[in-house]
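# Observations on the model geometry
Listed below, chain by chain, are the residues.
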Amino acid sequence: AQSVTQPDIHITVSEGASLELRCNYSYGATPYLFWYVQSPGQGLQLLLKYFSGDTLVQGIKGFEAEFKRSQSSFNLRKPSVHWSDAAEYFCAVGASGGSYIPTFGRGTSLIVHP
Amino acid sequence: DTGVSQDPRHKITKRGQNVTFRCDPISEHNRLYWYRQTLGQGPEFLTYFQNEAQLEKSRLLSDRFSAERPKGSFSTLEIQRTEQGDSAMYLCASSSGTAFQETQYFGPGTRLLVL
């Protein structure tokens, strides 16, 4: 079975600073990987996803993530954070074979200081 | 395309009561998913439908939980004899096509509080 670890429960950055949110996964084969964002009172919105091909994935809102098989990681990055980026971020992994149901990490709460 | 909608947005009930939640997916999306999200955790899969067929259920879905999607459009999730441990956000998502790579679009969720 697949699993996801988001080691940082909270991350605090200043507006305009760069951001990196960590995600490590466990899965025996090539995984499907996702990053979602959840604002207070809102559902989850997909930021980006990786299935195959280029390991650097571009997403919405200026986010990108890089799949590193050797490190079993899929870290999310943004070069310059805006106050509106404050939210909960979830990494998810799906199995590439058979029944695919994503397994989510526990999330990282992003706090943005002005 | 009005997005995934869920009703009600909030529900407070007493332990032992039954509750039912509704999810309206994006029109013509043939896959519909239910998740549960507790405080400080990510969503946990409960069940999913392809059209009207319920294809997979999580072990989290005890006998007190039942989900339906009678005409392959909206879905309902019922919890019978609610317990305090059922307090959570219940999320619905839908996707089109048959490939699992299809993006899941989430609704705003129904927050349940069992007293």
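For clarity, every value in this text was computed on a predicted model and none was experimentally measured.

Reading the values: the criteria
- Residues numbered from 1 in each chain as written.
- Chains lettered and ligands numbered in written order.
- Predicted model: local features only at pLDDT ≥ 70, side-chain atom pairs only at ≥ 80, totals over all residues.
- Heavy atoms only, no water.
- Helix = DSSP H or I, 4+ residues; strand = E, 2+ residues; numbered from the N terminus.
- Rg over C-alpha atoms; globule rule 2.2 N^0.38 Å.
- Buried < 20%, exposed > 50% of the residue type's maximum accessible area, 1.4 Å probe, protein only.
- Contact = heavy atoms within 4.5 Å.
- Areas by Shrake-Rupley, 256 points an atom, 1.4 Å probe, with all protein chains shown as cover.
- Disulfide = S-S within 2.5 Å.
- Phe/Tyr/Trp six-rings, centres within 6.5 Å; stacked < 30°, edge-to-face > 60°.

### Topic: the overall build of chain B
- Looking only at helices and strands, one finds zero helices and 11 strands in chain B.
- Across chain B, helices and strands are ordered from the amino to the carboxyl terminus as β-β-β-β-β-β-β-β-β-β-β.
- Whereas a compact globule of 115 residues would reach a radius of gyration of roughly 13 Å, chain B reaches 13 Å, a difference of no more than 12%.
- C-alpha extents for chain B along the principal axes are approximately 40 × 25 × 25 Å.
- For chain B, buried positions account for 49% of its 115 residues.
- The long-range fraction of contacts in chain B, counting pairs at least 24 apart against all pairs at least 6 apart in sequence, stands at 54%.
- Split by element, the accessible area of chain B, about 5,800 Å² in all, is 44% carbon and sulfur.

### A word on the state of the cysteines
- In the structure shown here, the tally under the stated rule is two disulfides over all chains.
- Covalent S-S linkage joins A:C23 and A:C91, the inter-sulfur distance amounting to 1.9 Å. Taking the sign of the S-S torsion, about -65 degrees here, the bridge from A:C23 to A:C91 comes out left-handed. Of this pair, A:C23 sits in the loop between β3 (19-21) and β4 (24-26) while A:C91 sits in strand β10 (residues 87-94), and the two are 68 residues apart along the sequence. Residue A:C23 shares its accessibility class with A:C91, and that shared class is buried.
- In this model, B:C23 is linked to B:C92 through a disulfide, with the two sulfur atoms separated by 1.8 Å.

### With respect to the packing of aromatic side chains
- Within the structure shown, the criterion is met by 17 aromatic pairs over all chains.
- Relative to A:F104, the ring of A:Y36 has its centre 5.5 Å away and its plane inclined at 50 degrees; by these criteria the two rings are tilted. Linking A:Y36 in strand β5 (residues 32-38) with A:F104 in strand β11 (residues 103-104), this pair joins segments that are 68 residues apart in sequence. For the pair shown, A:Y36 and A:F104 are each scored as buried.
- Centroid distance B:F21 to B:Y90: 5.4 Å. Interplanar angle 40 degrees. Geometry classified as tilted. Taken together, the residues span a long stretch of sequence, with B:F21 in strand β3 (residues 19-24) and B:Y90 in strand β9 (residues 88-95) at a distance of 69 residues. One exposure class covers both B:F21 and B:Y90, and it is buried.

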